[in-house]
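Tertiary structure, described
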Amino acid sequence: MMAVAAVRLRGSEAFFIGSQIQRCQMKIMGMILPSLLSSNHSNSISSSSSSSSSSSRYKHKNDDASSSFRNIDVALASFNQMLHRKPLPCIIQFNQLLSAIVKMRQYYDAVISLSKQMELAGLSPNTCTLNILINCFCQLQHVDLGFSVLAKGIKLGLQPTIVTFTTLINGLGKVGKFAQAVELFDGMVARGCQPDDYTYTTIINGLCKIGETALAAGLFKKMEEAGCQLNVVTYSTLIHSLCKYRRVNEALDIFSYMKAKDISPTIFTYTSLIQGLCNFSRWKEASTLLNEMTSLNIMPNIVTFNVLVDTFCKEGKVLEAEGVLKTMTEMGVDPDVVTYNSLMYGYSMWTEVVEARKLFDVMITKGCKPDVFSYSILINGYCKAKRIDEAKQLFNEMIHQGSTPNNVSYNTLIHGLCQLGRLREAQDLFKNMHTNGNLPNLYTYAILLNGFCKQGYLGKALRLFRAMQSTYLKPNLVMYNILVNAMCKSGNLKDARELFSELFVNGLQPNVQIYTTIINGLCKEGLLDEALEAFRNMEDDGCPPDEFSYNVIIRGFLQHKDESRAVHLIGEMRDRGFIADAGTTAW
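Residues numbered from 1 in each chain as written. Predicted model: local features only at pLDDT ≥ 70, side-chain atom pairs only at ≥ 80, totals over all residues. Heavy atoms only, no water.

Right, let's talk about the packing of aromatic side chains for a bit. Tallied over the entire structure, the rule returns 13 aromatic pairs. Here Phe-79 and Phe-94 contribute two aromatic rings whose centre-to-centre distance is 5.6 Å and whose plane-to-plane angle is 75 degrees, an arrangement assigned as edge-to-face. Of this pair, Phe-79 sits in helix α4 (residues 72-83) while Phe-94 sits in helix α5 (residues 91-103), and the two are 15 residues apart along the sequence. We classify Phe-79 as buried; its relative accessible area is 0%. The class for Phe-94 is buried, based on a relative accessible area of 0%. For the pair Trp-283 and Phe-312, a centre-to-centre distance of 4.7 Å together with 10 degrees between the ring planes defines the contact as stacked. Taken together, the residues span a long stretch of sequence, with Trp-283 in helix α16 (residues 283-295) and Phe-312 in helix α17 (residues 302-314) at a distance of 29 residues. The class for Phe-312 is buried, based on a relative accessible area of 13%. (Phe/Tyr/Trp six-rings, centres within 6.5 Å; stacked < 30°, edge-to-face > 60°. Helix = DSSP H or I, 4+ residues; strand = E, 2+ residues; numbered from the N terminus. Buried < 20%, exposed > 50% of the residue type's maximum accessible area, 1.4 Å probe, protein only.)

Across the junction of Lys-86 and Pro-87, the peptide omega takes the value -5 degrees, indicating a cis bond. Positionally, Pro-87 belongs in the loop between α4 and α5. The backbone of Ser-281 shows a phi angle near 60 degrees, a positive value even though the residue is not glycine. Considering the arrangement of structural elements, one finds Ser-281 in the loop between α15 (267-279) and α16. One non-glycine residue, Asn-297, lies in the positive phi region at around 60 degrees. Take Asn-297: it is sitting in the loop between α16 and α17.

Attention now goes to the nonpolar core. Among the nonpolar cores identified, the biggest contains 174 residues, and Leu-413, Ile-414, Ile-519, Ile-553 and Ile-554 are the most heavily contacted of them. Those residues within four positions of Leu-413 in sequence are excluded, and the remaining contacts are Ile-379, Cys-383, Ile-388, Ala-391, Lys-392, Phe-395 and Leu-429. (Core = buried A, V, L, I, M, F, W, Y, C linked by side-chain atoms within 4.5 Å. Contact = heavy atoms within 4.5 Å.)

Where α4 contacts helix α6 (residues 108-120), the axes come no closer than 11 Å and their chain directions differ by 10 degrees. With respect to α6, the element α4 is oriented roughly parallel. Taken together, the residues of α6 that come into contact with α4 (itself represented by Leu-76, Phe-79, Asn-80 and Leu-83) are Leu-114, Gln-117 and Met-118. (Axes fitted to C-alpha atoms, helices over the stretch in contact; angles between N-to-C directions. Parallel < 35°, antiparallel > 145°, perpendicular 65-115°, else oblique.)

Right, let's talk about a positive patch on the surface for a bit. A grouping of Arg-424, Lys-431, Lys-460 and Arg-463 is seen on the molecular surface, where their side chains present a positively charged patch. Put simply, the parts of the chain that give the positive patch at least two residues each are α24 (423-435) and α26 (458-469). (Patch = residues over 30% accessible without salt bridge, like charges linked within 9 Å, V, L, I, M, F, W, Y side chains within 5 Å. Areas by Shrake-Rupley, 256 points an atom, 1.4 Å probe, with all protein chains shown as cover. Salt bridge = Lys/Arg side-chain N within 4 Å of Asp/Glu carboxyl O. Lys, Arg positive; Asp, Glu negative; His and termini not counted. Charge placed at Lys NZ, Arg CZ, Asp CG, Glu CD.)

Close contact between helix α7 (residues 127-139) and helix α8 (residues 143-155) brings their axes to 7 Å; oriented N to C, the two are set at 165 degrees. Relative to α8, the element α7 lies roughly antiparallel. Every pair of crossing elements has a handedness; the one defined by α7 and α8 is right-handed. Contacts between α7 and α8 involve Leu-130, Leu-133, Ile-134, Phe-137 and Cys-138 on the former and, on the latter, Val-143, Leu-145, Gly-146, Val-149, Leu-150 and Gly-153. Grouping the constituent residues of the contact of α7 with α8 by class yields 9 nonpolar, 2 polar and no charged. (Left-handed = near helix turned anticlockwise from the far one by under 90°. Nonpolar A, V, L, I, M, F, W, Y, C, P; charged D, E, K, R; others polar.)

Spelled out as structure tokens, the structure:
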């Protein structure tokens, strides 16, 4: 493969040498594109689209031998022979060879380098060459350089086609620039460049990925109105997105419409709908779809079965999930690590850690290697069952087996140790995180803070809190509430007040929970005026008191024999539709 290495050298500098990078991407969209798509050019774009679409979409249908290359060295040798012929073969033949290399799906940088050699040999690129190069840059996730190629092509007088813009739209989607992809698409449409079915499908897919399902659905309708050929990919993409964002009824409508148009659903279509229905516990409809699939000889695959197993387990229906496992094995579909993880999670939820461990061992004997999630699920099961030593043993086993613990693994075990008051071991594990390159997150600190506070180590908790503030992490309301609550309970109201005031200094908006905590502390110390002031400030700070807040302050007034203000607050509470709890009405 020495030839490949030679071709790759300086490949990314090929076609766009001499062009200005500043004229890429946004400049194309903001300046070049409007003039290019003006009325003077729209006809040439649409006409050139049809003539070059078959050769520019990287699915060239021709009889040239270059279209069937499977070996890069053979392709390069053929290129060198062509380059040294007198006279040179035409650009179409070179494009066919480049397209054949693109089809190998790994030598995009080689194609870029070869195009430079073509240019140096005096070959002038055409629009097809332009599309091939733009595709290569987009595949390499250098969409900005793809725009740079377009800029140079326009400078050379080449007219881009719909394929050119579709490739760039797809490239923008690959790097997550969906907003810019939509902007480019809108620019095309506004200036008379009619998108084809592939362009529509590309942009619908991009919109779905960013959750813009309403826009995607609207575009879907426009696509149909424009007479584009709607295929199963377009339908399935939109159905999947609607299900993902819990708009399953709309997805079912499109599914019905799709079948009415005699477009056959795929396994992906059915799996998306089954998952969407299962998320709403619509088991009967999901079961109907499953039966419909099999009646059409579309057999469920591992993804379909995993959707069912996972949903049943999250609903606490572990026996039903076991039934799915039995069915899939009978159909010759082997469970994978995702299947086993879902089942172990289901058993762990109900602290049936023995069953979860059996599945873990079965997974290993079946040759399915546990991943970090497998270990974390089982560690959590042991911690919930208060079998902390077995959890620690499994944690060490995970490391010995070559799986690197992640934050979930560490946090789960630290939480289990704190729950049992084994704070020294929890601290050691916290230090171990740092040693092994796992940076603690906010949840890690919150677990330790809560552990210290519950055991009465407020000094240690506050030192940990201050240490965290000196890192890249900033405390959140949960942490403040843990500390304020612990300080109020221990009678340390002074420090609790200071921490509460610190919230505003750090730009945090207190929520109902932390306000209620400080009000409760003030009431216990008999500081009723201050408690009432804080209670009234809740409304001003945009978090009106809830039922629990009212009960807390009313009990405070009653405990200190201030019945008149308590009665007033009870009336106010009832006017808001809240109900006094047993502790309040007992007075």
